[in-house]
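The chain contents come next:
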Protein chains: 4
Amino acid sequence: MKKPWAGRFSDRTSASVEAFTESVSYDKRLWRHDIRGSIAHARMLGRQGIIPKKDSAAIVKGLDRIAADIDSGRFKFREDLEDVHMNIEAALQVALDLRLYLREETTEIISLIKDLQKAFVGLAGEHIDTLMPGYTHLQRAQPVLLSHHLLAYAEMLQRDRERFADCLIRIDVMPLGSCALSGTSLPTDRTYTAKLLGFSRISGNSIDSVSDRDFAAEFLSVSAILMMHLSRLSEELVLWSTEEFRFAEISDRFTTGSSIMPQKKNPDVAELTRGKTGRVYGNLMALLTLLKGLPLAYNRDMQEDKLPVFDTVDTVKACLSVLSEMLPGICFDKARMRDTAGEGYSTATDLAEYLVRKGVPFREAHEITGKIVLFCIGRKIPIESLALTDLKSFSDLISDDIYSVIDPSNSVKTRSSFGGTSPSEVRRQIRHFKKLLR
Amino acid sequence: MKKPWAGRFSDRTSASVEAFTESVSYDKRLWRHDIRGSIAHARMLGRQGIIPKKDSAAIVKGLDRIAADIDSGRFKFREDLEDVHMNIEAALQVALDLRLYLREETTEIISLIKDLQKAFVGLAGEHIDTLMPGYTHLQRAQPVLLSHHLLAYAEMLQRDRERFADCLIRIDVMPLGSCALSGTSLPTDRTYTAKLLGFSRISGNSIDSVSDRDFAAEFLSVSAILMMHLSRLSEELVLWSTEEFRFAEISDRFTTGSSIMPQKKNPDVAELTRGKTGRVYGNLMALLTLLKGLPLAYNRDMQEDKLPVFDTVDTVKACLSVLSEMLPGICFDKARMRDTAGEGYSTATDLAEYLVRKGVPFREAHEITGKIVLFCIGRKIPIESLALTDLKSFSDLISDDIYSVIDPSNSVKTRSSFGGTSPSEVRRQIRHFKKLLR
Amino acid sequence: MKKPWAGRFSDRTSASVEAFTESVSYDKRLWRHDIRGSIAHARMLGRQGIIPKKDSAAIVKGLDRIAADIDSGRFKFREDLEDVHMNIEAALQVALDLRLYLREETTEIISLIKDLQKAFVGLAGEHIDTLMPGYTHLQRAQPVLLSHHLLAYAEMLQRDRERFADCLIRIDVMPLGSCALSGTSLPTDRTYTAKLLGFSRISGNSIDSVSDRDFAAEFLSVSAILMMHLSRLSEELVLWSTEEFRFAEISDRFTTGSSIMPQKKNPDVAELTRGKTGRVYGNLMALLTLLKGLPLAYNRDMQEDKLPVFDTVDTVKACLSVLSEMLPGICFDKARMRDTAGEGYSTATDLAEYLVRKGVPFREAHEITGKIVLFCIGRKIPIESLALTDLKSFSDLISDDIYSVIDPSNSVKTRSSFGGTSPSEVRRQIRHFKKLLR
Amino acid sequence: MKKPWAGRFSDRTSASVEAFTESVSYDKRLWRHDIRGSIAHARMLGRQGIIPKKDSAAIVKGLDRIAADIDSGRFKFREDLEDVHMNIEAALQVALDLRLYLREETTEIISLIKDLQKAFVGLAGEHIDTLMPGYTHLQRAQPVLLSHHLLAYAEMLQRDRERFADCLIRIDVMPLGSCALSGTSLPTDRTYTAKLLGFSRISGNSIDSVSDRDFAAEFLSVSAILMMHLSRLSEELVLWSTEEFRFAEISDRFTTGSSIMPQKKNPDVAELTRGKTGRVYGNLMALLTLLKGLPLAYNRDMQEDKLPVFDTVDTVKACLSVLSEMLPGICFDKARMRDTAGEGYSTATDLAEYLVRKGVPFREAHEITGKIVLFCIGRKIPIESLALTDLKSFSDLISDDIYSVIDPSNSVKTRSSFGGTSPSEVRRQIRHFKKLLR
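Keep in mind it's a predicted model, so treat the numbers as computed, not measured.

Before going further, it helps to spend a moment on the packing of helix 7 (residues 146-171) of chain D against helix 10 (residues 214-240) of chain D. Residues and elements named next belong to chain D. Where helix 7 meets helix 10, the closest approach of the two axes is 9 Å, and the angle between their N-to-C directions is 165°. Put simply, helix 7 runs roughly antiparallel to helix 10. Note on packing geometry: the crossing formed by helix 7 with helix 10 is left-handed. Within the contact of helix 7 with helix 10, the residues separate by chemical class into 15 nonpolar, three polar and seven charged.

As a measure of interface size, the accessible area lost when the parts come together is often cited. On the side of chain D, 102 residues touch chain C, which itself brings 103 residues to the contact. Counting the surface lost from both chain C and chain D, the interface buries some 8,800 Å², and carbon and sulfur atoms represent 55% of this. Three residues stand out in chain C for area buried against chain D, namely Arg232, Leu296 and Arg363 of chain C, and they jointly supply 9% of the buried area on that side. Taken together, the connections running from chain C to chain D amount to 14 salt bridges. Between Glu162 of chain C and Arg170 of chain D there is a salt bridge, with its nearest N and O atoms 3.4 Å apart. The tally of links between chain C and chain D comes to 52 residue pairs in polar contact (both at pLDDT 80 or more). In terms of residue count, the dominant contributor to the side of chain C that touches chain D is helix 10 (residues 214-240) of chain C (13 residues).

Now for the side chain of Arg274 of chain C. Looking at where Arg274 of chain C falls in the secondary structure, it is placed in helix 11 (residues 268-291). Within the structure, the side chain of Arg274 of chain C is placed 2.9 Å from the side chain of Glu235 of chain C, a separation counted as a polar contact. Excluding residues within four positions of it along the chain, Arg274 of chain C makes contact with Leu294, Asn299 and Asp301 of chain A, Ser231, Ser234, Glu235 and Val238 of chain C together with Lys292 of chain D.

Another point: the packing of aromatic side chains. Per the stated rule, a full pass over the model turns up 34 aromatic pairs over all chains. Considering the side-chain rings of Trp240 of chain B and Phe332 of chain B, the 6.2 Å spacing of their centres and the 70° angle between planes classify their relative orientation as edge-to-face. Here Phe332 of chain B lies in strand 6 (residues 331-332) and Trp240 of chain B lies in helix 10 (residues 214-240), a separation of 92 residues in the sequence. Trp240 of chain B sits in the buried class, given a relative accessible area of 5%. Ring centres of Phe120 of chain D and Tyr153 of chain D lie 5.4 Å apart, and the angle between their planes is 15°; on these two criteria the pair is classed as stacked. Taken together, the residues span a long stretch of sequence, with Phe120 of chain D in helix 6 (residues 90-126) and Tyr153 of chain D in helix 7 at a distance of 33 residues. Tyr153 of chain D shares its class with Phe120 of chain D; the two are buried. Of the aromatic side chains, those joined through ring pairs into one cluster are Tyr135, Trp240, Phe245, Phe247 and Phe332 of chain A together with Tyr135, Trp240, Phe245, Phe247 and Phe332 of chain D. The cationic tip of Arg47 of chain B hangs over the ring face of Tyr192 of chain B; the distance from NZ or CZ to the ring centre is 3.9 Å. For the cation-ring pair, Arg29 of chain D lies above Phe310 of chain D, with the distance from its terminal atom to the ring centre recorded as 4.4 Å.

Residue and element names in this part refer to chain D. Checked against the element boundaries, Cys331 lands in strand 6 (residues 331-332). Between the C-alpha atoms of Cys331 and Asp401, which are 70 residues apart in sequence, the distance is 35 Å. In this structure, Cys331 is in contact with Phe247, Ala248 and Glu249, ignoring residues within four places of it in sequence.

Right, let's get into the environment of Ser399 of chain B. Residue and element names in this part refer to chain B. Relative to the assigned elements, Ser399 resides in the loop between helix 16 (388-392) and helix 17 (402-405). Measuring from C-alpha to C-alpha, the distance between Ser399 and Leu388 comes to 7.0 Å, with 11 residues separating the pair along the chain. When sequence neighbours within four positions are dropped, the list of residues in contact with Ser399 reads Tyr354, Lys358, Leu388 and Lys392. Engagement of the side chain of Ser399 in a polar contact is seen with the side chain of Lys358, the distance being 3.2 Å.

An ideal rise of 1.5 Å per residue puts 20 Å on 14 residues; helix 19 (residues 423-436) of chain D measures up with 20 Å between its terminal C-alpha atoms. Inspection of helix 19 of chain D places Pro423, Glu425, Val426, Arg428, Gln429, Ile430 and Phe433 of chain D among the buried residues, and these make up the whole buried set.

The next subject is the relation of the copies chain C and chain D. In the superposition of chain C on chain D (RMSD 0.0 Å, axial shift 0.0 Å), the rotation amounts to 180°. The transformation relating the two chain copies, once decomposed into turn and shift, fits a two-fold axis. Taking C-alpha positions as the reference, the residue of chain C nearest the rotation axis is Ser221 of chain C, at 3.1 Å. Comparing interface residues between copies, 99% of those in chain C also lie at the interface in chain D; the contact surface is shared.

How each quantity is defined
Residues numbered from 1 in each chain as written. Chains lettered and ligands numbered in written order. Predicted model: local features only at pLDDT ≥ 70, side-chain atom pairs only at ≥ 80, totals over all residues. Heavy atoms only, no water. Axes fitted to C-alpha atoms, helices over the stretch in contact; angles between N-to-C directions. Helix = DSSP H or I, 4+ residues; strand = E, 2+ residues; numbered from the N terminus. Parallel < 35°, antiparallel > 145°, perpendicular 65-115°, else oblique. Left-handed = near helix turned anticlockwise from the far one by under 90°. Nonpolar A, V, L, I, M, F, W, Y, C, P; charged D, E, K, R; others polar. Contact = heavy atoms within 4.5 Å. Buried area = accessible area lost by both parts, 1.4 Å probe. Salt bridge = Lys/Arg side-chain N within 4 Å of Asp/Glu carboxyl O. Polar contact = N/O pair within 3.5 Å; in protein donor to acceptor, adjacent residues only side chain to side chain. Phe/Tyr/Trp six-rings, centres within 6.5 Å; stacked < 30°, edge-to-face > 60°. Buried < 20%, exposed > 50% of the residue type's maximum accessible area, 1.4 Å probe, protein only. Lys NZ or Arg CZ within 6 Å of the ring centre and 35° of its normal. Expected span 1.5 Å × (residues − 1). Least-squares fit on C-alpha atoms with pLDDT ≥ 70 in both.

Honestly, that's just the spatial picture; any functional story needs more than this.
Structural data, given as structure tokens:
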């Protein structure tokens, strides 16, 4: 087909260039948004008298028919309608399409995050009293409640939701009407078009409108932080599924086996989610690199903005969905978790705090406790196995009530500061999230 | 010095490990925030009766004295105060310090962005009528106003300000009181500490508090997008300073020469800003990589969060400051810009639109214009040099008024759609920004 | 279909997990390498008597038939052959396929780089005497030959070729025979399989074989550096195509127009190549992130290694091909380049060196020249327009021969140090590359 | 001080620009290389008669004195020597310095990698017969030897060494003599200067010499891959140090405690190494971004190449050193490793292969074994606890010899294919590395 701009050229485009520069192979997923934008534009043109009302109506009808045809797979390209597209700067229209698309997908992602939060809050509700070791440096640190640990992810996801919502505000700006880059001499009504397309704001500077891809870069960085959270969750699921931890068993429906090793049951979903994190980081880096040092306004480099965005949307949605589906079916080994919660001298801090309450300066209390721990490690026994006389040899202030203090269940109950791991605090957090997620 | 945790260990730390794990060499820039956090903590402990009021007051006084000593360079480390720090989890306190630090620096950065916006709006005010070529693909596209082009940067920076402000909300959360990771059994009042430190919110889950570095990752990604904008500005300044463009001359005070080539005057500030963009992208990638796949809660990896943050703060502030200082002194060659605005057939679109107004379908109008352009290129003349008879040979509809239509000044005036490049629209934009920047 | 590992499971895999974990949608491009690997493996098994010779032959024949069927589009999946695949660890076989694939593609890329080098050397040969301004800081620095400038790219590409060749050595290692991760108890002959597949080496440690993706990471980083070079070339082509530079005109076959602006002719190929650089950087970052912190040996995360590799192979090959095709048709405006080569006081260094040869210390010579330049800028004239008396007012040592010294053609001729821009040196470089590229 | 290029300027540089553009604060670590380069240059100039021999000797003597002064901390800047530097293009000289620096550091890094390989080979020698579970998906897969697992790292490091060695060849090219960008008219002898500085090659194109930073980008990407390996090692050390794995105990000298929790012993060195991986990835991304789209030849952006390089050199060296020091002192819990090697049905593959040897098709053998595993999991017993009659109920072909087959020690012994985990193969690998590391 003859190019609309063939007039100025004396030779045809090379076939290799056609292939190198095409984007329809991936742009086509924007067709719905493209038609929607064109319809709004045509309606505005008709309303403003820029084109006859009759023509406007005919165009809208034609586009509706095309949409129906594409939907049903019957679509044939209609050459006579091409003039509609000739009136809009293709590049800008694609920016519009991308905003419409991302507005829709970001809203969907926010909802999927909410679903995943609900899954965490639901699980937390089932495990209010399940003890587990809390870790720092992946070393057992202090006993915590599994529910408390799970709610930490609900918190992370809450921040992710906020970030996507903030991003959405900046996606929700209509660029249409900036034309090639300088605006137009026609009496358009951009506010009306925006209203038709449901945009909250219209862009304020036509040059900026044409060159701006901030909304995509922000979407990718917000997605990267979300994926970072999911990678941490995945790491924990992988660890908890090991024979060594044995905290959690992911259901058969969400694991796979090995074609060589008959005993294997692998946490593939978690591993793939962790791996896909790299993909989203890479997409962010791709777009940031692309935009670095580009002069205003539009440059063809910017055509390359779509693939990283599409791939990120697909990846993020797939990960959120499959995790939401998988989480409720995870079977936690409560007995194993409770047992390990008390091992590894994880209530040593409680012992030290006990000494502080008896008047020992913290520094000294810490050192006394350290020596008790070292003594027990040497004998391969837990602190509670020590006789009171043995304990007293480290400090006279230790008395019989110590055994209750270093019991992990009791330890957890005392951590009732705001945000702490006590059951009452966990219940408060659950109530808080239930309200947020309504 | 003996480690506070030496009790549990039977051997001393290797010197190489001391060197490998130390962070004070760069953490020390947080001393002011660290002392401020410790004072608030001590005051709260006193108020809640967790430590005697008298002790609390003594600690606060001692910390104040230390602050004064550090300020005046007289500081000597006071061993007797160490117990204060023993009561707080070092890692968490550093998270607090980093939040206090970033809250301050983000506020400062927002203010520096505002300054740079003012510089753009100021320059735009001086160049409301300065014509220049607007570019797409770095090819002259249509005439625009320099003021309009400059205001595109004010728009970008406005989004940057919004993003930093959104990030600030998530920085402004107090983590203190989460202790090692499970909260505390002491009757602390986290809300009071937060009030003393001016925090708007306190964190809701102690495990999350200890493992969360979102605020830093978000700060870095917001900074990366800002630097992307500055890199685009820098690219344009470099281009405009070339002999080939000759649009702008940066003052001697903001350029450097060459020790070999006596004629050189180099736009180093712009080049370095463009180069430093890589640094900030790298810092973002460093932190995202670091956090990927970390199990909860604290891991020592996270000590490596500070250098990318510090380096980014320094880089972003330096770039914003020097550009704000440099911009007002840039000397634009108005004559050169006006001349080139009309060259390169940049009003060919106006000619095509003229034909459309005379009833020619857009597609045909575009093609006729393309042929006129090609004809002129062949003769190396601008369109306005063609006699009316020559023009009529392409289309009978062209009449004498065409010469006024393709005049760049007139072209610009017609682009009065919202956000367009007409002088009236530019004045509206300037008023808009003056209100925003008050 | 029943999973080969269904025995150990009591529930079926969730459909969402099937979709989430599948890779055949993109893996399928490895089918040729997969079949080739399987054939070699089957032949080795037969030769070693691990399976009957007859069976081995039947399998090979079957696989050949499958290959023919896939080739001709007639392929139907043959269930009865599945056992062949059951005997090999899928993951490892995919690592083999990826190595076979990358070995082929890297060889192809090396050849495409060579083609592009030839294009540069060819162009250089046509422009041995074409003067142009050499730039530093994008400011005209000294006159150089266009041929010399073009050969700089031949040098960069030479290093790229070397890097790909080095990478190829590390790709060219056969991992097959490591089985799940511990090797096998069967009397396999890995050297024979390697010989059949044309591998130079076999891997030395089965655990490493299963977990190693270095070859892919190295391939991506080598590709990133290549794309960096192409982005620099693209930037220059974009600049040279501007109205402002007007050094080069890319042929109509390799540019596109605008559907709005009839006069536009855009260097899309260069812009897209520059933009695609981000994509390859992103792919590198994706794989490095993915591999960070993975315990040995295989983890499912590693399935995500393929998309960044495939996308990079496609991108790199497309960019190299289209540039090789485009370069020879670029039309350089020799007159314009020659004229600008002498403008901008680009031979000021020659003037300073002239003074040095007359005995003036370099520092003083530099300053005198700087003052002459400043004087000329004030009057908007080139140095050669100054009368000898004017020149002498800056330094008595200047005499009539100065006009020849500051002529750009003469300037270039004097730069005959090894690697310099003199025509003789450029000819030497061309000879050097012609030999390398034979 | 007056700038050497002040002649052409009418105003002084702004103080903020001085601060923004300075690099001496970090460049100074190159002083030794800078002086060495200057001495070689001066000697060549003297030898070629470009400056008098006497002057050349005086300069060399002066520079030697400066070097001695800097070394001893007595250095005072000598203004009279500045002319020496005036004759060289600062930017290029810095490129030379960076190459000299990286040549030295790369050599050092290669040697440190060798040390770390030796540490692995040494440890492997001590653990030739230590059984451990081999993992895929972090699930126990098959028993392997600890020595075999450790040697996987020796393999990775071997590839790292090769990559650094390849990179070194491209670092080892002398750029000096390209002057500003076009070469020089003076009768220099670049080969002689190269010989004095110990360079193997000299650069072939002066424009490329000035704009080339490939050697730094390659150094960073090679370092990123090395750090990726170290991050995997670190992850494993962190895992093995958990209470859950309990495979390894890092000595007190290489761990730290907690100021709150008296029982903690944290694998900080491994964690920090894993975290620092992000830093090196970030440095790579910083340089790649910086170089993207830069026109030839030198741009001031390139000044920003040094910090990522310096930081990477420091990080890589520190990580390699501390790991080499730490590894030999790691105490492996052989009993625990041996016990777990046999748990988790890790020899199920051996059982399946046993059935294959008895004539069962692999697919069926795999399924039978899967069912046995599922049966045992249900009863929470290992396979070896099943009575022969129970086993026979799954397959009649199982007989008494099965118990020996599924013993992990026996399993390992059979894996004697090249690169497999059998003790004989491990011994071969150790011999291979001992030869390589001599």
